[in-house]
Amino acid sequence: MGTSIKLLVGLGNPGPEYEKTRHNAGFWLVEDFCRRHGITLSADTKSKALIGRYQRGADDMRIMLPQNFMNRSGFSVAHIANFYKIPADEILVAYDELDLPPGVAKYKKSGGAGGHNGIKDIIAQIGSQDFMRLRIGIGHPGHKSKVTGFVLGKAPAAEQQLIDDCIDEASRSIDTLMEQGWTEALQRLHSYRPQHKG
């Protein structure tokens, strides 16, 4: 039995200067999912987001990339969730995770923001922590004073390759999540091991 996802959200910052920065890992994942399924995202001024739709069988899922900068992502999520009456537990949010190394991604059912400003704003705007998360590892710079520069910087090529390969697997695991369910998707993604090249 598949897990119902009515809204898939990727977090990041809009604009070419942020496109290749680690903080945009959530954007990369959703863009990968859309590429594989032939989905085009288009600008929606009311929600301040790029919006798309995935329909297959019984699945009918809205897809979104908020264009309001990371720490105001919640506005877009709340707008779409309210408009389509989507409960928090049918929302999946993909984002960059400092506490996981590059090449690792993990699902999480609910919980606090863990210091992530985009997640913090979504919790505040929708009034719930009960949404699903897909955390994409980007590694940690070692000290919290370096975090801002780190997440807004570009990963070295070898690290970026690990992140890209992991995003491909994580994106495919969303199909598993919808088709087979939470346990199967976790088993697939959490058993993935990055291939170190070179």
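Remember, it's a predicted structure, so these values are computed and weren't measured experimentally.

Definitions and cut-offs
- Residues numbered from 1 in each chain as written.
- Predicted model: local features only at pLDDT ≥ 70, side-chain atom pairs only at ≥ 80, totals over all residues.
- Heavy atoms only, no water.
- Pairing = 2+ DSSP bridges.
- Helix = DSSP H or I, 4+ residues; strand = E, 2+ residues; numbered from the N terminus.
- Axes fitted to C-alpha atoms, helices over the stretch in contact; angles between N-to-C directions.
- Contact = heavy atoms within 4.5 Å.
- Buried < 20%, exposed > 50% of the residue type's maximum accessible area, 1.4 Å probe, protein only.
- Phe/Tyr/Trp six-rings, centres within 6.5 Å; stacked < 30°, edge-to-face > 60°.
- Lys NZ or Arg CZ within 6 Å of the ring centre and 35° of its normal.
- Parallel < 35°, antiparallel > 145°, perpendicular 65-115°, else oblique.
- Left-handed = near helix turned anticlockwise from the far one by under 90°.
- Nonpolar A, V, L, I, M, F, W, Y, C, P; charged D, E, K, R; others polar.
- UniProt positions renumbered as here; feature names shortened; annotations may be inferred.
- Salt bridge = Lys/Arg side-chain N within 4 Å of Asp/Glu carboxyl O.

Student: What exactly am I supposed to notice about the sheet that holds strand 5 (residues 91-97) here?
Tutor: Consider a sheet: its strands pair through backbone hydrogen bonds, and that pairing is either parallel or antiparallel. Taken together, the seven strands give an open sheet; going across it, the order is 2-3-4-1-5-7-6, and neighbouring strands pair in mixed fashion. If you trace the sheet from one side to the other, it starts and ends with strand 2 (42-44) and strand 6 (105-108), each paired once. Along the sheet, successive strands turn relative to each other by an average axial angle of 25°, direction set aside. As defined by bridge partners, strand 3 (residues 49-56) adjoins strand 4 (residues 59-66) across eight bridges and the pair is classed as antiparallel. Across the sheet, the residue bridging to Ile51 is Met64, located in strand 4. Docked against the sheet, helix 2 (residues 73-83) engages strand 1 (7-10), strand 3, strand 4 and strand 5, running at close to 155° with respect to strand 4. Seen against the sheet, helix 3 (residues 117-126) touches strand 5 and strand 7 (132-137) and runs at an angle of roughly 155° to strand 5.

Student: Help me understand the environment of Glu31, please; the structure alone is not making it clear to me.
Tutor: Position of Glu31 relative to the elements: it lies in helix 1 (residues 25-37). Take Glu31: its relative accessible area is 32%, and that puts it in the partly exposed class.

Student: I tried to follow the packing of aromatic side chains on my own but got confused; where do I start?
Tutor: When we look at a pair of aromatic rings, we describe it by the centre distance and by the angle of the planes. Scanning the model with the defined rule gives four aromatic pairs in all. When the centroid spacing of 6.0 Å and the interplanar angle of 85° are considered together, the rings of Tyr18 and Phe69 count as edge-to-face. Taken together, the residues span a long stretch of sequence, with Tyr18 in the loop between strand 1 and helix 1 and Phe69 in the loop between strand 4 and helix 2 at a distance of 51 residues. Take Tyr18: its relative accessible area is 22%, and that puts it in the partly exposed class. On the basis of an interplanar angle of 85° and a centroid distance of 4.9 Å, the ring pair of Phe83 and Tyr84 is categorised as edge-to-face. Here Phe83 falls in the exposed class, since its relative accessible area comes to 56%. One residue, Lys48, lies across the ring of Phe75, its end atom 5.1 Å from the ring centre.

Student: Would you mind going over the packing of helix 1 against helix 5 (residues 157-179) with me for this structure?
Tutor: Packed helix pairs are characterised by how far apart their axes lie and by the angle those axes make with each other. For the pair helix 1 and helix 5, interaxial distance at closest approach is 9 Å and the crossing angle is 60°. Viewed along their axes, helix 1 and helix 5 adopt a mutual orientation that is oblique. Judged by the twist between their axes, the crossing of helix 1 over helix 5 is right-handed. Residues Ala25, Trp28, Leu29, Asp32, Phe33, Arg36 and His37 of helix 1 touch helix 5, and the partners they reach there are Gln160, Ile163, Ile167, Asp168, Ala170, Ser171, Arg172, Ile174, Asp175 and Met178. Residues belonging to the contact of helix 1 with helix 5 are distributed by class as follows: nine nonpolar, three polar and five charged.

Student: Help me understand unusual backbone geometry in this model?
Tutor: Glycine aside, residues mostly have negative phi, and peptide bonds are mostly found in the trans state. In this structure, Phe69 is a non-glycine residue whose phi angle is positive, near 70°. One non-glycine residue, Lys85, lies in the positive phi region at around 55°. Relative to the elements of secondary structure, Lys85 occurs in the loop between helix 2 and strand 5.

Student: Please clarify how the UniProt feature "site: Discriminates between blocked and unblocked aminoacyl-tRNA" (unreviewed entry) in the protein chain should be interpreted in this entry.
Tutor: Here, the residues flagged by UniProt with the feature "site: Discriminates between blocked and unblocked aminoacyl-tRNA" (unreviewed entry) are Asn13. Relative to the helices and strands, Asn13 is located in the loop between strand 1 and helix 1. With residues up to four places along the chain from it excluded, the contact list for Asn13 reads Tyr18, His23, Asn24, Phe27, Phe69, Met70 and Leu152.

Student: Help me out: how do you make sense of the pattern of salt bridges in this one?
Tutor: If the charged atoms of two oppositely charged side chains come close together, the side chains can form a pair. Tallied over the full model, the rule gives nine salt bridges. Of the charged contacts in the structure, one is a salt bridge between Asp32 and Arg36, with a shortest N-O distance of 3.6 Å. Taken as a pair, Asp32 and Arg36 lie in helix 1 at a separation of four residues, close to a single helical turn. Glu97 is paired through a salt bridge with Arg135; the nearest N and O atoms lie 3.1 Å apart. One end of the pair, Glu97, is in strand 5; the other, Arg135, is in strand 7, with 38 residues separating them in the sequence. For Glu97, a relative accessible area of 10% translates into the label buried. Members of the salt-bridge network, linked through shared partners, are Asp32, Arg35, Arg36 and Asp175.

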